[in-house]
Amino acid sequence: MSDFLWGVATSAYQSEGGYNGPGEPQTNWAATERKGEVADSGSGADFWNRYPEDFARCRNLGLNAFRLGIEWGRVQPTYVDEAGPPPPFDYKALDHYIQMLVDCLQNGLEPILTLHHFVHPSWLGTDPWLQPEIAAHFCRYVRETVLYVNRALTDRHGFPPIRYYITINEPNMLVLNTYFGTQFPGRGKKTHGLRTLLEAYRHILITHVRSYNLIHRICAEQGWPEPMITLNNYCSDLYWSDKILLDLLSVRERGIRVGELRDYVFDKIHQFEQAFASARIPLKKDIPYFFGDYLKRISNWLGYKTFIPECFAPLVGELYAAERKSAFDFIGLDYYDPFAAHMFRHPVWWDHEFKNKSLRSWLMNSVTSKWWDWRVLPDGMRFFCDYYSKDFEHRPVLIAENGMALRRRVDNKNTLRRDRMTRSHFLRLHVEEVLNIIRSDIPLIGYLHWSLFDNYEWGSFTPRFGLYSINYAKSNDRIVEDHLGDRPSITYAQLIEISRERMREAAEREIIEPG
């Protein structure tokens, strides 16, 4: 397991800074920021300029992997916040991303490249994932980016092409937070309702299938090694919010046609629910749990009643017409608190984060779990890695995100988590579970902690996920010790060193005592 990926995960928009201001690339978040409905992303963590020191930090921590993004809105930018025709590509921006990747590789870090992370350029309009043209737009961006970046890496810099790709980050959260919840911008006229959710999912999955096949085709034509490509979901025990997407992408390799789709999906949810019940994951059964569990049962009932197989007929057709039988090469899991029964908390009246102060918004925000309320259950990570890998022909699994939020506002007012968990303790629990997963012969290829530093969390800087803290009231300098006196980056480095030694010893024992 010497090639096991120990790393961190970031997102371009959340970390780079330099979006939505005057003379800066405009994204679909521009209007929301301008209206004051969310905090301005501003310069963020300024990763766009500070990447050399951040990659050096990762090398010094002993990491060998770094998940970073290329932002579509910077590569094909518009500087006015309005819909319009596709603008030309900005090759200076692509050259900057190439230099970032070169620096990443020079520091011994395997890049895991995300091509879309919730954000799109404003020229696409409010709701591009409801438009069939989105797949063609996205594939043009992917073709230009993958060819230009990899040719530069191989021809100009002598590095191999990118191996790992994530096409679209967390499609389930993108759809739910845009067309069911209110956290993400969007929701143009007549864009609520079940059919809207299904249409958005269909367009996202079709876009993934086309870009997946496109990247494979580009690599084959260029004589580059075969890449590893996937999309990653926010892990959830609500089948309709997570695993169904992978099951839909697998219909061709399982020989499922449109007429069989309903029975196929109902069979898969039954299998999943049985496996989940048998796992006996120790959920915290407080009073909010029973409300969450009840809502999960209602959600499953609604899923059975309202699933419309015909909505996914174009996706099934796309899969059967594609060059490749499969639609993902490995499984990307973002593991936080994936349990629907944890969606509620005991009421808290003072941590409403956003500008909407309506009574309904205030009440809902008071009883729904926030980032810093997410329960810590490392046991569940093994269940999802094991079950998903086995159900998809033992495909390798990458934990593409895993992290824990502290609450600390920009003005540095903060509150402790209910469980008093520190990030170092969280890391100890989850790294130990990673080793348990590996010992169980689950094909886990890597663990990426979210995130290297505190960053912009979709409208707010208050949730803090960083191995390094940032005091945004003063600067975006990286700080080793957080406001609780914890030093999680040092803890992570120590855990990785110890884990590598334990993995090496286990491998040696296996050689000496085969079988």
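As the structure is a computational prediction, the values presented were derived from the model and not from experiment.

### Focus: the overall build of the chain
Looking only at helices and strands, the chain has 16 helices and 11 strands in total. Expected size for 515 residues packed as a compact globule is a radius of gyration near 24 Å; at 22 Å, the chain falls within 12% of this value. For the chain, the spread of C-alpha atoms along the three principal axes comes to 60 × 55 × 55 Å. Buried positions account for 62% of the 515 residues belonging to the chain. Restricting the contact set of the chain to residue pairs at least 6 apart, pairs at least 24 apart contribute 79%. For the chain, the exposed area adds up to about 20900 Å²; of that, 53% sits on carbon and sulfur atoms. Across the chain, the mean location of the 61 positive side-chain charges is 4 Å away from that of the 65 negative side-chain charges.

### So, the packing of helix α10 (residues 261-279) against helix α11 (residues 287-306)
Put simply, α10 and α11 touch, their axes get as near as 11 Å, and they point 160 degrees apart. Between α10 and α11, the angle is such that the two are roughly antiparallel. Seen from above, α10 lies across α11 with left-handed handedness. From α10, Arg262, Phe266, Ile269, His270, Glu273 and Phe276 reach across to α11, where they touch Lys296, Asn300 and Tyr304.

### So, the layout of surface pockets
Empty space among the atoms can be located by rolling a probe the size of a water molecule over them. For the second largest pocket, the calculated volume is near 400 Å³. Around the second largest pocket, the lining comprises 12 residues; the ones closest to its centre are Ile438, Arg439, Ala506, Ala507 and Glu510. Here the lining of the second largest pocket takes seven residues from helix α16 (residues 488-512), the largest share from any one element. For the lining of the second largest pocket, a count of residues per class yields six nonpolar, no polar and six charged.

### What to know about the sheet that holds strand β9 (residues 414-415)
The sheet built from three strands is open, its strands ordered β9-β8-β11 with antiparallel pairing. Edge positions in the sheet fall to β9 and β11 (463-464), since each has one partner strand and no second. Examined bridge by bridge, strand β8 (residues 406-408) and β9 share two bridges and lie antiparallel to one another. Opposite Arg408, over in β9, you have Asn414 as the bridge partner.

### Notes on the packing of helix α3 (residues 47-61) against helix α5 (residues 91-106)
When two helices pack together, their arrangement is given by the angle between the helix axes and by the axis-to-axis distance. Running from N to C, α3 and α5 cross one another at 10 degrees; their axes reach a closest spacing of 9 Å. Here α3 lies roughly parallel to α5, going by the angle between them. Handedness of the crossing formed by α3 with α5: left-handed. Residues Phe47, Trp48, Tyr51, Pro52 and Phe55 of α3 form the contact with α5, whose own contacting residues are Ala93, His96, Tyr97, Gln99, Met100, Asp103 and Cys104. When grouped by side-chain class, the residues that make up the contact of α3 with α5 number nine nonpolar, two polar and one charged.

### Here we look at the sheet that holds strand β5 (residues 228-234)
Spatially, eight strands are ordered β1-β2-β3-β4-β5-β6-β7-β10 in a closed barrel, and the strand pairing comes out parallel. Averaged over all pairs of adjacent strands, the angle between their axes in this sheet comes to 25 degrees, without regard to strand direction. In terms of strand pairing, strand β7 (residues 397-402) meets strand β10 (residues 444-450) through three bridges, oriented parallel. Within β10, the position partnered with Val397 by the bridge is Leu444. Sitting on the sheet, α5 is in contact with β2 (65-69) and β3 (110-114), with an inclination near 145 degrees to β3. Along the sheet, helix α7 (residues 171-179) makes contact with β4 (164-169) and β5, crossing β5 at roughly 40 degrees.

### Brief notes about empty space enclosed by the protein
This model, assessed by the stated rule, comprises four cavities of 30 Å³ or more. Roughly 70 Å³ of volume is contained in the largest cavity. Around the largest cavity sit 13 residues that line it, and Asn28, His120, Leu174, Thr178 and Pro185 are the ones nearest its centre. Tallied by class, residues from the lining of the largest cavity come to eight nonpolar, four polar and one charged. In this structure, the second largest cavity occupies an estimated 50 Å³ of space. Considering the residues around the second largest cavity, the lining is formed by Tyr336, Asp337, Trp374, Arg375, Val376, Leu377, Gly403, Met404, Arg417, Phe426 and His430.

### Quick look at the environment of Glu110
By the element assignment, Glu110 lies in strand β3. What makes Glu110 partly exposed here is its relative accessible area of 27%. Put simply, Glu110 and Arg163 are 53 residues apart on the chain and 8.4 Å apart in space, counted from C-alpha to C-alpha. When sequence neighbours within four positions are dropped, the list of residues in contact with Glu110 reads Leu5, Asn64, Ala65, Phe66, Arg163 and Tyr164.

### Some remarks on α7
Judged by how many residues are buried, α7 sits mostly within the fold: eight of nine residues are covered. Among the residues of α7, those classed as buried are Pro171, Asn172, Met173, Leu174, Val175, Asn177, Thr178 and Tyr179. Close packing links the buried residues of α7 with β4, α8 (194-222), β5 and α9 (243-249).

### Observations concerning the nonpolar core
In this structure, Phe66 and Tyr492 are the most contacted members of the largest nonpolar core, which totals 167 residues. Tallying contributions element by element places α8 first for this core, with 13 residues. Each residue touching Phe66, except ones within four places of it in the same chain, is listed here: Val8, Thr10, Phe47, Phe55, Cys58, Cys104, Leu109, Glu110, Pro111, Ile112 and Leu452.

### With respect to the confidence of the model for the chain
In the predicted model, the chain carries a mean pLDDT of 94, and the fraction of residues at 70 or more is 95%. Across the chain, the element-wise mean pLDDT spans from 66 in helix α13 (residues 359-367) up to 99 in β4.

### Quick notes on the packing of aromatic side chains
One pass over the full model with this rule turns up 52 aromatic pairs. Between the aromatic rings of Trp48 and Tyr97, the centroid separation amounts to 5.1 Å while the plane-to-plane angle is 80 degrees, which identifies the pairing as edge-to-face. In this pair, Trp48 is assigned in helix α3 and Tyr97 in helix α5, connecting sequence segments 49 residues apart. Under the relative-accessibility criterion, Tyr97 is labelled buried at 1%. Taken together, a centroid distance of 6.5 Å and an interplanar angle of 80 degrees make the contact between Trp240 and Phe266 edge-to-face. Placement of the pair is Trp240 in the loop between β5 and α9 and Phe266 in helix α10, with a sequence separation of 26 residues.

The rules behind these values
- Note on numbering: residues in each chain are counted from 1, in written sequence order.
- Only residues with pLDDT of at least 70 get local features here, since the model is predicted, and only at 80 or more are side-chain atom pairs given and counted; chain-wide, interface and lining totals rely on the full set of residues.
- The basis for every side-chain value is the complete set of non-hydrogen atoms in the structure, without hydrogens or water.
- By definition, any uninterrupted DSSP run of H or I lasting at least four residues is a helix, any uninterrupted run of E lasting at least two residues is a strand, and each is numbered from the N terminus.
- When we talk radius of gyration, it's over C-alpha atoms, and the globule rule is simply 2.2 Å times the number of residues to the 0.38.
- Relative accessibility decides the category of a residue: with a 1.4 Å probe and only protein chains considered, values under 20% of the type maximum give buried, values over 50% give exposed, and everything between is partly exposed.
- Any two residues whose heavy atoms approach within 4.5 Å are treated as being in contact.
- The Shrake-Rupley method, run with a 1.4 Å probe sphere, supplies the accessible areas, and residue values consider only the shown protein chains as cover.
- Counting rule for charge: Lys and Arg are taken as positive, Asp and Glu as negative, and neither His nor the chain ends is counted.
- Here the site of a charge means atom NZ of a Lys, CZ of an Arg, CG of an Asp or CD of a Glu.
- Axis definition: a line fit to C-alpha positions, over the contact stretch in the case of helices; interaxial angles, taken between N-to-C directions, run 0 to 180 degrees.
- Between 65 and 115 degrees an angle is taken as roughly perpendicular, under 35 as roughly parallel, over 145 as roughly antiparallel, and anywhere else as oblique.
- Helix crossings fall into two classes, left-handed where the near helix is turned counterclockwise from the far one by less than a right angle and right-handed where it is turned clockwise.
- Here a cavity is any set of points on a 1 Å grid over the protein atoms alone where a 1.4 Å probe fits but cannot get out, and a pocket is any open set with protein on both sides within 12 Å along at least 5 of 7 lines; a residue lines the site when it has an atom within 4 Å of a point.
- Grid points are joined across faces, edges and corners, and a volume is the space filled by probe spheres set on the points.
- In the scheme used here, Gly and all other residues not listed as nonpolar or charged are polar, with Ala, Val, Leu, Ile, Met, Phe, Trp, Tyr, Cys and Pro taken as nonpolar and Asp, Glu, Lys and Arg as charged.
- If DSSP finds at least two bridges between two strands, the strands pair.
- As used in this record, nonpolar core signifies buried Ala, Val, Leu, Ile, Met, Phe, Trp, Tyr and Cys residues forming a set joined through side-chain atoms within 4.5 Å.
- The quantity known as pLDDT measures the predictor's confidence residue by residue, on a range of 0 to 100.
- Only rings of Phe, Tyr and Trp enter the pairing, Trp through its six-membered ring, and a pair is recorded when the two centres are within 6.5 Å. The plane angle decides the type: under 30 degrees is stacked, over 60 is edge-to-face, the rest tilted.

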